[in-house]
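Residues per chain are reported as follows:
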Protein chains: 2
Amino acid sequence: MPESAAPFGRLAVVGLGLIGSSIARGARRYGLAETIVAVDRDAGVRDRVRELGLADLVTDAAEMGVAEADLVILCVPVGAVGAVAAAIAPHLKPGAVLSDVGSVKGSVVAAVLPHLPDGVAFVPGHPVAGTEYSGPDAGFSTLFSNRWCILTPPEGTDAEAVARVRGFWEGLGAIVETMTPEHHDLVLAITSHVPHLIAFNIVGTAADLEEVTQSEVIKFSAGGFRDFTRIAASDPTMWRDVFLTNKDAVLEMLGRFNEDLSALARAIRWEDGEALHALFTRTRAIRRGIVAMGQETAAPDFGRRPSED
Amino acid sequence: MPESAAPFGRLAVVGLGLIGSSIARGARRYGLAETIVAVDRDAGVRDRVRELGLADLVTDAAEMGVAEADLVILCVPVGAVGAVAAAIAPHLKPGAVLSDVGSVKGSVVAAVLPHLPDGVAFVPGHPVAGTEYSGPDAGFSTLFSNRWCILTPPEGTDAEAVARVRGFWEGLGAIVETMTPEHHDLVLAITSHVPHLIAFNIVGTAADLEEVTQSEVIKFSAGGFRDFTRIAASDPTMWRDVFLTNKDAVLEMLGRFNEDLSALARAIRWEDGEALHALFTRTRAIRRGIVAMGQETAAPDFGRRPSED
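Note that the structure is predicted; figures quoted are calculated from it, not measured. Along each chain, residues carry numbers from 1 onward, in the same order as the chain's sequence is written. All chains are assigned letters beginning at A, and all ligands numbers beginning at 1, according to the order in which they are written. Given that this is a predicted model, residues contribute local features only at a pLDDT of at least 70 and side-chain atom pairs are listed and counted only at 80 or more, while totals for whole chains, interfaces and linings are drawn from all residues.

1. A short note on the overall build of chain A
For step 1, the next point in the chain: Working definition: helices are DSSP H or I runs of at least four residues, strands are E runs of at least two. Numbering for both runs from the N terminus. When helices and strands are counted, chain A shows 12 helices and 8 strands.
For step 2, the next point in the chain: Between the two quantities, the radius of gyration covers C-alpha atoms and the globule rule is 2.2 Å times the number of residues to the power 0.38. Its C-alpha radius of gyration of 21 Å places chain A within 12% of the 19 Å reference for a compact globule of 309 residues.
For step 3, the next point in the chain: Considering only C-alpha atoms, chain A reaches an extent of 65 × 45 × 35 Å along its principal axes.
For step 4, the next point in the chain: Counting other C-beta atoms within 10 Å of a residue's C-beta gives its exposure: the residue is buried at 20 or more, exposed at 12 or fewer, and partly exposed in between, where C-beta atoms are placed from the backbone. Sorting the 309 residues of chain A into buried and exposed places 56% on the buried side.
For step 5, the next point in the chain: Whether two residues are in contact depends on their C-beta atoms, placed from the backbone: they are in contact if these lie within 7 Å. At a minimum sequence separation of 6, the contacts of chain A that also span at least 24 residues come to 76%.

Okay, here's the thing in structure tokens:
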């Protein structure tokens, strides 16, 4: 539980998408920084950030945007983190803390550490939260409320810097856990990356069928398919980078998934009703655990209402 | 659009689970039957049906329950439809209409037709609607509102009987479409059965990992995994029967899914970022189609709120 969030003087958010703009909104709402600087290379995004009043300063020049910052959070796709770190590193002030929000941590640590100047701590982070929407308009200040944020500080990282980043995330309402980048990448491969992969995949499979029209897929999607389309509507660039940078863990977990799926297909082919019933009973219990832990709604059907209601 | 629902005098619902109890509630609310008879072999279910006041008559004797009915709807797992049809068939009155709500239609038609007495029409149906909850308490009268209901009348079925069943479902708020049982089973294999199968599967895979604890899977489920747990929490008996009775179509569609997944794994292994990005962009569009057709909410994250909100 947060006692009092250690505020940072100047916060620079690099990349004002769903996550970055939610951090900016939350930092302002919960008083976690005195000044908020928004850095984005996209002119359209900068315009929206100005119109929405998300930051005190808005710039496309990352080097200048981060120069006086006490906390810099990189909120760009993981494939871009290395290049951005290289560009801003010489401009970070001594005592500054650098962080990020990438869904993959091993590759981010490897990409950032070589550029890190003396006197700057790098505390990689990953808030396990999001929606299927992208961009500065999609963010909201409570996105991280009661969601986990995982920190993966490399060995030897200044403990005080880790504590300050922890305090920042707790100030945003998150629950903070610390683990190694390697373990993070394994855990997220099964809880996030492979689920996204199979969601993208089945939506693609359904779209490509010849015997079943796309119109039929859409009409009868309430039978289960539509649940998958939400995460299959997530940001394409972000997810491309996730799979390319967490390749080994994703392929390993996908291998496990495939083995289990083969066994399940075999149970269907040989009409082993007992094996099917046993698995389906076991999986029901997992959801109860997620609901009990406050990570999911208990309302039927996610509590959703069709769009015309 | 419904003009005026053709009401039936006496409606018998056999099996008062999520679907059956929703039909009973809807039939009463929208005035689609004068008398509602609830038939269930489970004493606990019958007690709840009485307490909830869902029917005018409640009985465990299917033969008696259906004797005077003008419309009989079987709402039991598809694996049980044949046995129930055999038991009630001799007791159906001439002119009665028999229907069902099974998620598989080919096997249901094959199981019911041999028992069908002269003068009774069989109009198989499948409302594509549901939640992850089961039992008479889980039902609600608007479950079918703006959802498709597919009718698969065998060749030669009395057209008036089909029209009356159509009117009944339209009275419940559903949109009715007619197709062959074979096409239904193919369409639903990809829009419902395979999605359930891979959801059950990944939840099982995650639960069995040794390197990642079940507690970690639950904590970090907001990264995508939890979306799958909803349909993996669906009724085990119903789903066992679906896979056993729609085996061929499920294995065929699963084969397509697997081919596509292999190609996707290969794109990851060979770091083909363009192929990944192209697929992820394409899948985004499908969800927009589902939202536009009113089959899904446009609210971020299904509009859900965590359980403690």
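On we go.
2. Let's talk about the sheet that holds strand β8 (residues 175-178) of chain A
All names here are of chain A.
For step 1, the next point in the chain: Across the sheet, which stays open at both edges, the 8 strands sit in the order β3-β2-β1-β4-β5-β6-β7-β8 with mixed pairing between neighbours. The sheet is open, and its two edges are formed by β3 (57-59) and β8, each paired on a single side. Taken pair by pair, the neighbouring strands of this sheet meet at an average axis angle of 25 degrees, ignoring direction.
For step 2, the next point in the chain: For two strands to be treated as a pair, DSSP must find at least two bridges joining them. Pairing between strand β6 (residues 121-127) and strand β7 (residues 148-151): 3 bridges, direction antiparallel. Within the sheet, the bridge partner assigned to P127 lies in β7 and is C149.
For step 3, the next point in the chain: What counts as an axis is a line fitted to C-alpha atoms, over the stretch in contact for a helix, and the angles between N-to-C directions run from 0 to 180 degrees. Sitting on the sheet, helix α1 (residues 18-29) is in contact with β1 (8-14), β2 (33-39), β4 (71-74) and β6, with an inclination near 160 degrees to β2.

3. Regarding the pairing of β6 of chain A
All names here are of chain A.
For step 1, the next point in the chain: Of all 7 residues in β6, 7 are buried; the element is thus mostly enclosed.
For step 2, the next point in the chain: Alternating positions in β6 separate into two faces, A121, V123, G125 and P127 on one and F122, P124 and H126 on the other, with burial throughout.
For step 3, the next point in the chain: Alignment of strand β5 (residues 97-100) against β6, held across 4 bridges, turns out to be parallel. Of the residues in β6, the one forming a bridge with S99 is V123.
For step 4, the next point in the chain: A right-handed crossover is one whose linking path, passing over the helix from the first strand to the second, runs clockwise when the strands point away from the viewer. Tracing the backbone out of β5, into helix α5 (residues 106-112) and back to the parallel element β6 gives a crossover that is right-handed.

4. Quick look at the interface of chain A and chain B
It is common to give the size of an interface as the accessible area lost on bringing the parts into contact.
For step 1, the next point in the chain: Across the boundary between the two partners, chain A contributes 97 residues, which contact 97 residues of chain B.
For step 2, the next point in the chain: For the side of chain A that touches chain B, the leading source of residues is helix α7 (residues 181-208) of chain A, giving 19 residues.
For step 3, the next point in the chain: Ten residue types, Ala, Val, Leu, Ile, Met, Phe, Trp, Tyr, Cys and Pro, are classed as nonpolar, four, Asp, Glu, Lys and Arg, as charged, and the remainder, Gly among them, as polar. For the side of chain A that touches chain B, the per-class residue count stands at 52 nonpolar, 23 polar and 22 charged.

5. Quick notes on unusual backbone geometry
Residues and elements named next belong to chain A.
For step 1, the next point in the chain: Positive phi, normally seen in glycine, also occurs at E271, with a value near 55 degrees.
For step 2, the next point in the chain: If you trace the backbone, E271 turns up in the loop between α11 (247-269) and α12 (273-292).
For step 3, the next point in the chain: Given 14 C-beta atoms within 10 Å, E271 falls into the partly exposed group.

6. Topic: the nonpolar core
For step 1, the next point in the chain: As used throughout, a nonpolar core is a set of buried Ala, Val, Leu, Ile, Met, Phe, Trp, Tyr and Cys residues joined through C-beta atoms within 7 Å of each other. Counting 210 residues, the largest nonpolar core has V13 and V72 of chain A together with V13 and V72 of chain B as the members making the most contacts within it.
For step 2, the next point in the chain: The contacts of V72 of chain B, once residues within four sequence positions are left out, are A12, V14, V66, I88, L92, A96 and L98 of chain B.

7. Quick word on the environment of A87 of chain B
All names here are of chain B.
For step 1, the next point in the chain: Mapped onto the fold, A87 is located in helix α4 (residues 78-88).
For step 2, the next point in the chain: Considered as a pair, A87 and L116 are 29 residues apart in the sequence and their alpha carbons are 11 Å apart.
For step 3, the next point in the chain: Look past the residues within four positions of A87 in its chain and what remains in contact with it is A62 and E63.

8. A few points about the relation of the copies chain A and chain B
For step 1, the next point in the chain: Copies overlap after least-squares fitting; the atoms used are the C-alpha atoms of residues with pLDDT of at least 70 in both. The two copies are related by a screw motion: chain A maps onto chain B through a turn of 180 degrees and a shift of 0.0 Å along the axis, at an RMSD of 0.0 Å. Look at the turn and shift together and you get a two-fold axis relating the two.
For step 2, the next point in the chain: Here 100% of the contact residues of chain A are again contact residues in chain B; the copies associate through an equivalent surface.

9. Let's talk about the sheet that holds strand β6 (residues 121-127) of chain B
Residue and element names in this part refer to chain B.
For step 1, the next point in the chain: What the 8 strands build is an open sheet, ordered β3-β2-β1-β4-β5-β6-β7-β8; its pairing is mixed. At either margin of the open sheet sits one strand with a lone partner, and together these are β3 (57-59) and β8 (175-178). Ignoring strand direction, the axes of neighbouring strands in this sheet form an average angle of 25 degrees.
For step 2, the next point in the chain: Bridge analysis of strand β4 (residues 71-74) against strand β5 (residues 97-100) gives 4 bridges, and the strand direction is parallel. Residue pairing in the sheet places I73 in a bridge with S99 of β5.
For step 3, the next point in the chain: Across the face of the sheet, helix α6 (residues 159-171) comes into contact with β1 (8-14), β4, β5, β6, β7 (148-151) and β8 while running at roughly 30 degrees to β6.

10. Things to note about the domain arrangement of chain A
Residues and elements named next belong to chain A.
For step 1, the next point in the chain: For the purposes of this description, domain bounds are those given by an automatic or database domain assignment. Along its sequence, chain A is carved into domain 1 (8-179) and domain 2 (183-303).
For step 2, the next point in the chain: The distance between the C-alpha centroids of domain 1 and domain 2 comes to 30 Å.
For step 3, the next point in the chain: Taken together, the contacts link 15 residues of domain 1 with 18 residues of domain 2.
For step 4, the next point in the chain: Looking at the side of domain 1 that touches domain 2, the elements that each hand over two or more residues are α4 (78-88) and α5.

11. Focus on α7 of chain A
For step 1, the next point in the chain: We define the bend at any residue as the angle between the axes fitted to the seven residues before and including it, ending there, and the seven starting there. Along α7 of chain A, the sharpest kink reaches roughly 55 degrees, centred on A189 of chain A.
For step 2, the next point in the chain: Counted residue by residue, α7 of chain A has 24 buried out of 28 residues, so it is predominantly covered.

12. Considering the pairing of β4 of chain B
Residues and elements named next belong to chain B.
For step 1, the next point in the chain: Neither face of β4 is left uncovered, since the one carrying L71 and I73 and the one carrying V72 and L74 both have all their residues buried.
For step 2, the next point in the chain: In this structure, β1 lies alongside β4, joined through 4 bridges in parallel fashion. Directly across from V13, in β4, lies its bridge partner I73.
For step 3, the next point in the chain: Crossover handedness for the path β4 to α4 to β5: right-handed.

13. Points about the packing of α12 of chain A against helix α10 (residues 236-245) of chain B
For step 1, the next point in the chain: At their nearest, the axes of α12 of chain A and α10 of chain B sit 9 Å apart, and the two run at 140 degrees to each other. Viewed along their axes, α12 of chain A and α10 of chain B adopt a mutual orientation that is oblique. α10 of chain B is crossed by α12 of chain A, and the crossing has right-handed handedness. Contact with α12 of chain A, carried on its side by G273, L276, H277, F280, T281 and R284 of chain A, involves P236, T237, W239, R240, F243 and L244 of chain B of α10 of chain B and no other residues of that element.
For step 2, the next point in the chain: Residue composition of the contact of α12 of chain A with α10 of chain B, grouped by class: 6 nonpolar, 4 polar and 2 charged. Relative orientations are named as follows: roughly parallel for angles under 35 degrees, roughly antiparallel for angles over 145 degrees, roughly perpendicular for angles from 65 to 115 degrees, and oblique for any other angle. Throughout, a crossing is termed right-handed when the near helix is turned clockwise from the far one, and left-handed when it is turned anticlockwise from it by less than a right angle.

14. Observations regarding the environment of R287 of chain B
For step 1, the next point in the chain: Within the element layout of this structure, R287 of chain B appears in helix α12 (residues 273-292).
For step 2, the next point in the chain: Linking R287 of chain B and A298 of chain B, residues 11 residues apart in sequence, is a C-alpha distance of 9.4 Å.
For step 3, the next point in the chain: Discounting chain neighbours no more than four positions away, the residues touching R287 of chain B are T229, R230, A232 and A233 of chain A.

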